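Single-letter residue listing:
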Amino acid sequence: MTTFKMGRRALIAATAATFAFGAPAFADGHKILDEVHFIIPGGAGGGWDGTARGTGEALTESGLVGTASYENMSGGGGGVAIGYMIENAESLEGALMVNSTPIVIRSLTGVFPHNFRDLTLVSGTIGDYAAIVVGKDSPLNNMEDLLAAYDADPSGTPFGGGSVPGGMDHLVAAMVMEASGRDALGVNYIPYDAGGTAMAALLSGEIAALSTGFSEAVDLSNAGEVKIIGVTASERVDAAPDAMTMMEQGIDTTFVNWRGFFGAPGMSEEKLTQYQSAITAMYDTPEWETVRARNGWVNIHNSGDEFRSFLEEQETVIGDLMKKLGFL
């Protein structure tokens, strides 16, 4: 089975763990932290930006944190912000950096010299599954149809995605095909520089299927543009209850693009506990549910050692797949 495990508390707003850190944490508006400064490795409007600002909104409006501030620090595929956290660790006890699956992919490929082990692991927080979609008028209606078309003409059944070869969309398509018993190297992947361009290619018939994020796929499906033929969740997701999982269709694989928070190296145990307690308590607040629902996020809470285990397993699975595809 090819899988990116989400830890024992995946999809659960963990409550008991709130009190497991030995520090006071309350989900009824009692303040845990006076302030948090969020370091965002990309520009305004992206997924990292939205995750940091949405989390800060929920923490402050619920009363768990007094104030939140934000600093966008683009560059180096996220490497500039990671380097900043490491080089200025002593003065960044009050800062959290948001990141996601690319911290694993880009460290493996050497885009930047650091990896998650160089930081303090605070908490995995939310996630977005991946989906394979086809155009609304496509004759393909499920993964069985797509695989039959692929078997008949592999090169004539191209997959597209909004990321470079070896990027997340490509890896998801390769992972799905590998789990179906096909050779991941045989996937004809066509990269596009943005999701909108890839969607145009799908609707024009330039590609047979599109690998994309689940929340994006739901929006496109609701707009009547695509059919979702496979989701990389372990169970059907409420936002698209008719969309079948890969598992249901005999493709033994799951994947989630997680997003979470890291601290500077050497962070004190007291501060780490406060951050983890605040994030854990956040899940039980209506303010968080408002933010989560608005963004179409899935609650994925991996804290402390669970977060480390999750990242190490993802590193192994992604690394193995990238080696097979010739990217490492």
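The notes below deal with the structure included here. In this text, all values refer to a predicted model and were calculated from it rather than measured experimentally.

In terms of burial, strand S5 (residues 120-135) is largely enclosed, as 16 of its 16 residues are buried. With eight bridges connecting them, S5 and strand S11 (residues 256-263) associate as antiparallel partners. Bridged to Tyr129 within S11 is Val256. Pairing of S5 with strand S12 (residues 298-303) involves four bridges; the strand directions are antiparallel. For Gly124, the partnering residue across the bridge sits in S12 and is Asn302. Of the strand pairs in this sheet, S5 and strand S8 (residues 209-213) are connected by four bridges, and their pairing is antiparallel. Residue Ile132 lies in a different strand from S8, and its bridge partner there is Ser211.

So, about the packing of helix H1 (residues 47-61) against helix H9 (residues 286-295). In contact at an axis separation of 8 Å, H1 and H9 are set at 160° when each is read in the N-to-C sense. The orientation of H1 with respect to H9, classified from their angle, is roughly antiparallel. The interaxial crossing formed by H1 with H9 has right-handed handedness. Of H9, the residues touching H1 (which contributes Gly54, Thr55, Glu57, Ala58 and Glu61) are Glu287, Trp288, Val291 and Arg294. Tallied by class, the residues present in the contact of H1 with H9 amount to three nonpolar, two polar and four charged.

About the criteria used
- All residue numbers refer to position in the chain's written sequence, counted from 1.
- Reporting of local features is limited, given that this is a predicted model, to residues whose pLDDT is at least 70; pairs of side-chain atoms are given and counted only at 80 or more, and all residues count toward the totals for whole chains, interfaces and linings.
- Here the side-chain values reflect all heavy atoms present in the structure, with hydrogen atoms and water set aside.
- Relative accessibility thresholds used throughout: buried, under 20% of the residue-type maximum; exposed, over 50%; partly exposed, between the two (1.4 Å probe, protein chains only).
- Secondary structure is summarised from DSSP: a helix means a run of H or I of at least four residues, a strand means a run of E of at least two, and numbering begins at the N terminus for each.
- A pair of strands is considered paired only if DSSP assigns at least 2 bridges between the two.
- For helices, the fitted axis covers only the stretch in contact; all axes are lines through C-alpha atoms, and the angles between them, taken along N-to-C directions, range from 0 to 180 degrees.
- Any angle from 65 to 115 degrees is called roughly perpendicular, while one under 35 is roughly parallel, one over 145 is roughly antiparallel, and all others are oblique.
- Left-handed describes a crossing whose near helix is turned anticlockwise from the far helix through less than a right angle; right-handed describes the clockwise counterpart.
- A contact between two residues is defined here by any heavy atoms of the two lying within 4.5 Å.
- Put simply, Ala, Val, Leu, Ile, Met, Phe, Trp, Tyr, Cys and Pro go in the nonpolar bin, Asp, Glu, Lys and Arg in the charged bin, and everything else, Gly too, in the polar bin.

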